[in-house]
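So the chains spell out like this:
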Amino acid sequence: MPRITALTDTNATPEVQAVFTAIKGKIGMVPNLYRTTAHSPTTLAALLGLGDALGRGKLTAREREAIALTVAGINACDYCASAHSAISGGLNVTVDQISAHLRGRSAVPRMSALLSLARSVTEKRGRLGDGDLVVARNADLTDADIVEVIGVVVANIFTNYLNHAFQTDIDFPVVHAAVA
């Protein structure tokens, strides 16, 4: 049961209603994560702004979603595992690939390198060693790739923690991160 009631279209402020309308126009719905975060319009704006900015980066949508799944798997966030599995499915990622991404794995060399780095950043709470960077660079990840992976990891830790704190109702087909 959620610890904070998700805002509805009718009990949100006009400012938040406008954001909800924009989200609906973009993805067709307003996920409960955003409805819950909207209790703080500033935090919702920060969360959406970070996601929008990272969406303009070098990493592809499939790469960002795979990283999101890896972080959700490590942090055992069922909400994010569910949401990013649904989004990945919409990007034609197979169920087997989604399951592998939840475990931080991929058979594709670049994706494997990105997910390995994402696992290290998440598990080590950002305290990467020189060896972690050598491994990433030896896998042909650029410094820009490395910085962007850290940005995507942090954005997803942000949502994982919000969902853990508030036990957000999952409004996607349920995927259990712990199963990964």
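Parameters and conventions
Residues numbered from 1 in each chain as written. Predicted model: local features only at pLDDT ≥ 70, side-chain atom pairs only at ≥ 80, totals over all residues. Heavy atoms only, no water. Helix = DSSP H or I, 4+ residues; strand = E, 2+ residues; numbered from the N terminus. Expected span 1.5 Å × (residues − 1). Buried < 20%, exposed > 50% of the residue type's maximum accessible area, 1.4 Å probe, protein only. Arc of directions from axis to C-beta. Contact = heavy atoms within 4.5 Å. Salt bridge = Lys/Arg side-chain N within 4 Å of Asp/Glu carboxyl O. Phe/Tyr/Trp six-rings, centres within 6.5 Å; stacked < 30°, edge-to-face > 60°. Axes fitted to C-alpha atoms, helices over the stretch in contact; angles between N-to-C directions. Parallel < 35°, antiparallel > 145°, perpendicular 65-115°, else oblique. Left-handed = near helix turned anticlockwise from the far one by under 90°.

A. Region of interest: helix H1 (residues 14-27). Compared with an ideal rise of 1.5 Å per residue, which puts 14 residues at 20 Å, H1 spans 20 Å between its outermost C-alpha atoms and is within 8% of the ideal. Every buried residue of H1 is accounted for by Val16, Phe20 and Ile23. Each buried residue of H1 lies within a common arc of 60° when the element is viewed along its axis, so the set occupies one face. In H1, the exposed residues that point more than 90 degrees away from the buried face are Pro14, Glu15, Thr21, Ala22 and Gly25. Along its buried surface, H1 packs onto helix H2 (32-37) and helix H3 (41-55). Looking one or two residues beyond H1, the residue adopting positive phi is glycine 28, at roughly 90°.

B. Geometry of the pattern of salt bridges. According to the stated counting rule, one finds eight salt bridges in the structure shown. Aspartate 9 is the salt-bridge partner of arginine 35, the closest N and O atoms lying 3.1 Å from each other. Taken as a pair, arginine 35 in helix H2 and aspartate 9 in the segment before H1 lie far apart in primary sequence, 26 residues in all. Look at arginine 35 and you get buried, because its relative accessible area is 13%. Across the salt bridge formed by aspartate 132 and lysine 124, the nearest N and O atoms sit 2.8 Å from each other. A single network of salt bridges, built from pairs that share partners, joins Lys58, Glu63, Arg110 and Asp145.

C. Local environment of the packing of aromatic side chains. Counting across every chain of the model gives one aromatic pair. Considering the side-chain rings of tyrosine 79 and phenylalanine 172, the 5.9 Å spacing of their centres and the 85° angle between planes classify their relative orientation as edge-to-face. A residue pair is termed long-range when its members are at least 10 positions apart, and tyrosine 79 in helix H5 (residues 78-90) and phenylalanine 172 in the segment after helix H9 (143-166) qualify at 93 residues. Phenylalanine 172 sits in the buried class, given a relative accessible area of 18%.

D. Structural detail: H9. Taking 1.5 Å per residue, 24 residues should reach 34 Å; H9 reaches 35 Å between its end C-alpha atoms and fits that length. Once H9 finishes, glutamine 167 follows within two positions and takes phi at roughly 50°, a positive value.

E. Local environment of the packing of H3 against H9. Two elements in contact, H3 and H9, have axes whose closest approach is 10 Å; the angle formed by their N-to-C orientations is 150°. By the angle class used here, H3 and H9 are roughly antiparallel. Relative to H9, the crossing made by H3 is left-handed. Here Thr43, Leu47, Leu50 and Leu54 of H3 come into contact with H9, specifically with Glu148, Gly151, Val152, Ala155, Phe158, Thr159 and Leu162.

F. Representation of the side chain of serine 120 within the structure. Along the chain, serine 120 falls in helix H7 (residues 109-123). Serine 120 sits in the buried class, given a relative accessible area of 14%.

G. Geometry of unusual backbone geometry. Positive phi values are uncommon outside glycine, yet arginine 125 reaches one of about 55°. Turning to its location among the elements, arginine 125 is positioned in the loop between H7 and helix H8 (130-138). In this structure arginine 125 comes out as exposed when scored by relative accessible area, which is 74%. The backbone phi angle of glutamine 167 is positive, close to 50°, even though this residue is not glycine. When you line up the elements, glutamine 167 lands in the segment after H9. Using a relative accessible area of 35% as the deciding quantity, one classes glutamine 167 as partly exposed.

By themselves, these figures tell us nothing about what the structure is for.
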